[in-house]
Amino acid sequence: MAEIPDKLQREATHERAIDDVVHTFVFQQFDQALQRAERSPDFAALHETIAARIREEYREAMLRTIRRVFHTAASDSEVIGVAGAAEANRRKEGREQGGKAQTMQTRLETAKAFVTKKLRAYRRRNGS
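Residues numbered from 1 in each chain as written. Predicted model: local features only at pLDDT ≥ 70, side-chain atom pairs only at ≥ 80, totals over all residues. Heavy atoms only, no water.

Caption draft 1: Examining the overall build of the protein chain more closely. Each helix and strand counted, the protein chain has four helices and zero strands in total. Taken from the N to the C terminus, the helices and strands of the protein chain come in the order α-α-α-α. Split into buried and exposed, the 128 residues of the protein chain put 8% on the buried side. Carbon and sulfur atoms make up 59% of the accessible area of the protein chain, which totals about 11100 Å². (Helix = DSSP H or I, 4+ residues; strand = E, 2+ residues; numbered from the N terminus. Buried < 20%, exposed > 50% of the residue type's maximum accessible area, 1.4 Å probe, protein only. Areas by Shrake-Rupley, 256 points an atom, 1.4 Å probe, with all protein chains shown as cover.)

Caption draft 2: Spatial organisation of helix α2 (residues 41–69). The terminal C-alpha atoms of α2, which comprises 29 residues, lie 42 Å apart, in line with the 42 Å expected from a rise of 1.5 Å per residue. Those residues of α2 lying buried are A51, L63 and I66. (Expected span 1.5 Å × (residues − 1).)

Caption draft 3: Region of interest: the pattern of salt bridges. This model, assessed by the stated rule, comprises four salt bridges. Taking the shortest distance from any N to any O, the salt bridge between E57 and R53 comes out at 3.2 Å. Of this pair, E57 and R53 both sit in helix α2, four residues apart, which is roughly one turn of the helix. Among the residues examined, E57 registers a relative accessible area of 46% and is labelled partly exposed. (Salt bridge = Lys/Arg side-chain N within 4 Å of Asp/Glu carboxyl O.)

Caption draft 4: Quick look at a negative patch on the surface. A cluster of acidic residues, E11, E15, D19 and D20, forms a negative patch at the surface. The topology assignment puts E11 in helix α1 (residues 3–38). Judged by its relative accessible area of 39%, E11 is partly exposed. (Patch = residues over 30% accessible without salt bridge, like charges linked within 9 Å, V, L, I, M, F, W, Y side chains within 5 Å. Lys, Arg positive; Asp, Glu negative; His and termini not counted. Charge placed at Lys NZ, Arg CZ, Asp CG, Glu CD.)

Caption draft 5: Main features of a nonpolar patch on the surface. Taken together, the side chains of I18, V22, F25 and V26 present a nonpolar region at the surface, about 360 Å² in accessible area. As for its position among the elements, V22 is in helix α1.

Caption draft 6: Structural detail: the side chain of K112. Tracing the sequence through the fold places K112 in helix α4 (residues 104–126). Residue K112 is classed as buried on the basis of its relative accessible area, which comes to 8%. Once residues lying within four places of it in the same chain are set aside, the contact partners of K112 are E56, R59, E60 and L63. (Contact = heavy atoms within 4.5 Å.)

What is shown is where atoms sit, not what they do.
See the structure below:
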């Protein structure tokens, strides 16, 4: 009876040692797989795609915030005039491109660029 606790302790220690070896082996295999993937050109392209998507989502969130904060500026006649000029420029560019129809994505990108440009101008004028 006196030897039972010592025997249980030895077995538990042995099982922990086996678990540690298995854990170390799995970790090393995972690390090697990551290193091989990082050297792959496909991984670099995937990384760039994810980074671009994160940047775009961040920009979208910022534009939503800008729209919410500056929603009253839409009634400002200067902003409406500038928006009309931007629309005229967009139409002119469309004609210059041989009348190719712009996709919704292109229109959104144009609108985002316009909002960004006008926000920067607004900040310069107001010292923000």
